[in-house]
Amino acid sequence: MNNFTFDSNPESLSSGDDMMLDHVPCNSSIVFDRFTTTTEESFIKKDHCWFADSHLPTDLILQVEGISFYVHKYTLISRCEYFSRINIQTPDSDLSYDLKLDNFPGGSDTFESVLKFCYGLHIELTPANVAPLRCASEYLQMTEKYDEGNLISKTEAFLTFVVLSSWKDTITVLKSCEFLSPWVENLQIVRRCCDSTAWMVSNSSKSVHDEGWWFHDVLTLRIEHFVRIITGIRAKGVEAEILGGCIVKYAEKWLPIHVDVKNIEGGFLGYHGTNELRLSISSGKKEGISDGENKEKRLLLESIVSILPPQREAVSCKFLLWLLKMAVVYSASPALISELEKRVGMVLKDADVNDLQIPSYKNASDQGKFKEDNTIHDVDMVHRIVEYFIMHEQQQQQETSYEKLNIVKLLDGYLAEIARDRNLTIAKFQILAEVLTEKARNCHDGLYRAIDTYLKSHPDLMEHDKRRLCKVMNNEKLSLDACLHAAQNERLPLQTVMQVLLSEQVKMRAAINTKEVILPTGSAIEHGNNLLYTNKEIKEIKAELDMVKTKMGELQNDYYDLQQEFEKLNNKQKHASGWNSGWKKIKNSFFQPRMDSHVTLSGEEILQQTQGGKSTGTGHRRRFSIS
């Protein structure tokens, strides 16, 4: 850090000497001699007063930040145009000062240094005090018109030739500017410092990838100065990934809130009878966020989003989703939230299910409480993000496989998580499940898992609601394991179970026909230089198919018995109690399949009967045992 000590001798720093300041080595000092009528010992500080003690009595009392300065009027007028232009009147009896300097840049400490300069005493210019002194000299109009080598010229020379050539000194000056607005803006001190730092980063012999030499320093600055530096560095052509990395670190430092979507009693989204979520705040009040903090963090968030590089690779999808959660917490503007949603949509393929779980909040006045009678997660926001992703892919005009982009797995996983929310309606589940086209999913196992989770978390659904929910799933795109699970799933409606079994039977018949055509006899068969099946494998496949046929026949028998019982009950028109007892018999007969093989329905007849409305539809539990 460069320090200069000098007195206020007019001849101590001529115009020729100004240009030599940049050649002064660090930690050096320049002492200018001048005859003065006072010495350092002649100034007395007592309580909240500052006295210029000399053989001449003081004739002016100034007050800055509650501290009274007893000084000589002529000494100040000789250096400060401000005092020569105002008419200082004798104070009223109620006042203890002649003049009060309101909003003086740098406060009483800076004014004390200015007075020492006016009295010809030694003051030290450092990167920490040069900005306040420069603003104070401008406030008091200490120009060359009143005295050659006045304070304005000295501080300007120090800024220009010493501070702006040093990275550390420039950062120090920027930190000292935090409470000097608007003076530092009007005097271009902040602009010059930010431009200097941007130039040093882009033209340094050190690699900009070496975060150690500039990341740490800029992270300590206020957001407005940080924004200017990043903007300047980007204008110099620094890579977007480097800028994005610095922005991420800055956001993590100054936005210390982390939202964990957890149940109060335990693990991640582990629901234990309540729909409460935990808002974990690592700093600040846990009870809520004050209005002042909310506004400050919201402005900080808006500034960070405004300087994000437009390149997709600049910041990660995880970071963007974290910013989106912060925007919800701090009640950011709809425009900012929409901007973040669009940016997340561009890189949605890199997201994971945990990051995508965005809590649903009330407005800021409710201090972060969750909405009542609404979903725990903001499902509508995720729906918009997926739509932005689809729109972006369409704009690229490329044949994109959603399976390869991980979108189908991501969306199905998200559906399985939100399905546990008891406030999630079937309509919202359907809309989000159908946001991707039918061709997007090659397999519907993930969607079946989400539907099964929803049915498990909503045990009171009516039969028609279950059928409506299952319509989003294509039974023909279920794997064999999913089909076997669905056939034994008592939560599924009967119509869906029958359609799943029928679909699997059709696929098996097609597979058998295909294999009979392409597989000749032999110990091993090669087709196109690829080994297909051995005789042993063929026998195993046929045995499995025969077993499935047998179980299908048993299921057809059960279904036939169920129809017969149902027709008998309708004909007798029994009372409700009789209906209940009859239904228990139906369930008992349905749980123990008969082995009679004299009744066999074709796949087409089963489909017609299940779709014709003759099956049960009152929401009672059913189970198929085909293990």
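Residues numbered from 1 in each chain as written. Predicted model: local features only at pLDDT ≥ 70, side-chain atom pairs only at ≥ 80, totals over all residues. Heavy atoms only, no water.

Help me understand the packing of aromatic side chains in this model?
For any pair of aromatic rings, the description rests on two quantities: the centre-to-centre distance and the angle between the ring planes. Evaluation of the coordinates by the stated rule reveals 13 aromatic pairs. Seen in terms of ring centroids, F51 and Y70 are 4.7 Å apart; in terms of plane orientation they differ by 15°. Their pairing is stacked. Highlighted residues: F51 in strand β3 (residues 49-52) and Y70 in strand β5 (residues 67-71), separated in sequence by 19 residues. On the basis of relative accessibility, which here comes to 29%, the residue F51 falls in the partly exposed class. By relative accessible area, which is 21% here, Y70 ends up partly exposed. Each ring, one from F429 and one from Y454, has its centre 5.5 Å from the other, and the planes form 55°; the classification is tilted. One end of the pair, F429, is in helix α19 (residues 426-433); the other, Y454, is in helix α20 (residues 445-457), with 25 residues separating them in the sequence. A single burial state applies to F429 and to Y454, both of which are buried. Feature note: the residues W50, F69, Y82, F83, F104, F111, Y139 and W183 constitute an aromatic cluster, connected by ring pairs. (Phe/Tyr/Trp six-rings, centres within 6.5 Å; stacked < 30°, edge-to-face > 60°. Helix = DSSP H or I, 4+ residues; strand = E, 2+ residues; numbered from the N terminus. Buried < 20%, exposed > 50% of the residue type's maximum accessible area, 1.4 Å probe, protein only.)

Please explain the pattern of salt bridges as it appears in this structure.
Two side chains of opposite charge can pair, provided their charged atoms sit close to one another. On inspection of all chains with the given rule, the structure shows 16 salt bridges. With a shortest N-O distance of 2.8 Å, E224 and R222 are connected by a salt bridge. Residue classification places R222 among the partly exposed residues on the basis of a relative accessible area of 35%. Here D355 makes a salt bridge to K318, at a shortest N to O gap of 3.0 Å. Of this pair, D355 sits in helix α16 (residues 353-356) while K318 sits in helix α14 (residues 317-329); the two residues are 37 residues apart in sequence, bridging distant segments of the chain. Residue classification places D355 among the buried positions, given a relative accessible area of 10%. (Salt bridge = Lys/Arg side-chain N within 4 Å of Asp/Glu carboxyl O.)

Looking at this model, I keep getting lost on the pairing of β3. Mind explaining?
Each regular strand shows side chains that alternate between the opposite faces of the sheet. Residues W50 and A52 point to one face of β3 and are all buried, whereas C49 and F51, pointing to the other face, are not buried. Pairing geometry for β3 and β5, over three bridges, is parallel. Bridging from a neighbouring strand, F51 pairs with Y70 of β5. (Pairing = 2+ DSSP bridges.)

Would you mind showing me how to read the environment of D452 here?
Within the secondary structure layout, D452 lies in helix α20. Spatially, the C-alpha atoms of D452 and A416 are 8.5 Å apart, while their sequence positions differ by 36 residues. Ignoring any residue separated from it by four or fewer positions in sequence, one finds D452 in contact with H485, N489 and R491. A polar side-chain atom of D452 sits 2.9 Å from a polar atom in the side chain of R491. (Contact = heavy atoms within 4.5 Å. Polar contact = N/O pair within 3.5 Å; in protein donor to acceptor, adjacent residues only side chain to side chain.)

Explain the confidence of the model for the chain here, please?
Detailed reading of predicted coordinates is not advised where the pLDDT is low. Chain-level statistics for the chain give a pLDDT mean of 75 and a share of 67% at 70 or above. Ranking the elements of the chain by mean pLDDT puts helix α1 (residues 15-18) last with 36 and helix α5 (residues 130-139) first with 97. Long-range and interchain partners of residues 363-372, a stretch whose pLDDT sits below 50, account for 17 contacts in this model, where long-range means more than four residues apart. Counted against residues more than four places away or in other chains, residues 518-533, with its pLDDT under 50, gives 19 contacts. (pLDDT = per-residue confidence, 0-100.)

Looking at this structure, I do not really get the nonpolar core. What am I missing?
When a protein is soluble and globular, its nonpolar side chains tend to lie buried together. By size, the foremost hydrophobic cluster in this structure holds 151 residues, and its most contacted members are L140, W214, L348 and F429. Looking at this core, the element that brings in the most residues is α14, giving eleven residues. Here this core spans two domains, and each of domain 1 (30-238) and domain 2 (399-512) adds at least three residues to it. Contact partners of L140, with chain neighbours within four places excluded, come to C80, E81, Y82, F83, F104, F111 and V114. (Core = buried A, V, L, I, M, F, W, Y, C linked by side-chain atoms within 4.5 Å. Domains from an automatic or database assignment.)

Could you clarify how one ought to interpret the packing of helix α13 (residues 291-306) against α14 in this entry?
Helix-helix packing: each pair is described by the crossing angle between the helix axes and the interaxial distance. Here α13 crosses α14 at 145°, and the two axes come no closer than 10 Å. By crossing handedness, the relation of α13 to α14 is classed as left-handed. Contacts from N294, L301 and V305 in α13 reach L323, M326, A327 and V329 in α14. Across the contact of α13 with α14, the residue classes break down as six nonpolar, one polar and no charged. (Axes fitted to C-alpha atoms, helices over the stretch in contact; angles between N-to-C directions. Left-handed = near helix turned anticlockwise from the far one by under 90°. Nonpolar A, V, L, I, M, F, W, Y, C, P; charged D, E, K, R; others polar.)

Looking at this structure, I do not really get the state of the cysteines. What am I missing?
Put plainly, two cysteines are in a disulfide when a covalent bond ties their sulfur atoms together. Per the counting criterion, the structure on display carries zero disulfides. Here C483 stays free of any disulfide, with the sulfur of C443 as its closest cysteine sulfur at 9.4 Å. (Disulfide = S-S within 2.5 Å.)

Can you help me understand the packing of α20 against helix α22 (residues 480-487) in this one?
α22 packs onto α20 with a crossing angle of 25° between their chain directions and a minimal axis gap of 10 Å. The pairing of α20 with α22 is recorded here as roughly parallel in orientation. As α20 packs across α22, the resulting crossing turns out to be left-handed. Across the interface between the two elements, D445, Y448 and D452 from α20 touch A482, H485 and A486 from α22. For the contact of α20 with α22, the per-class residue count stands at three nonpolar, one polar and two charged. (Parallel < 35°, antiparallel > 145°, perpendicular 65-115°, else oblique.)

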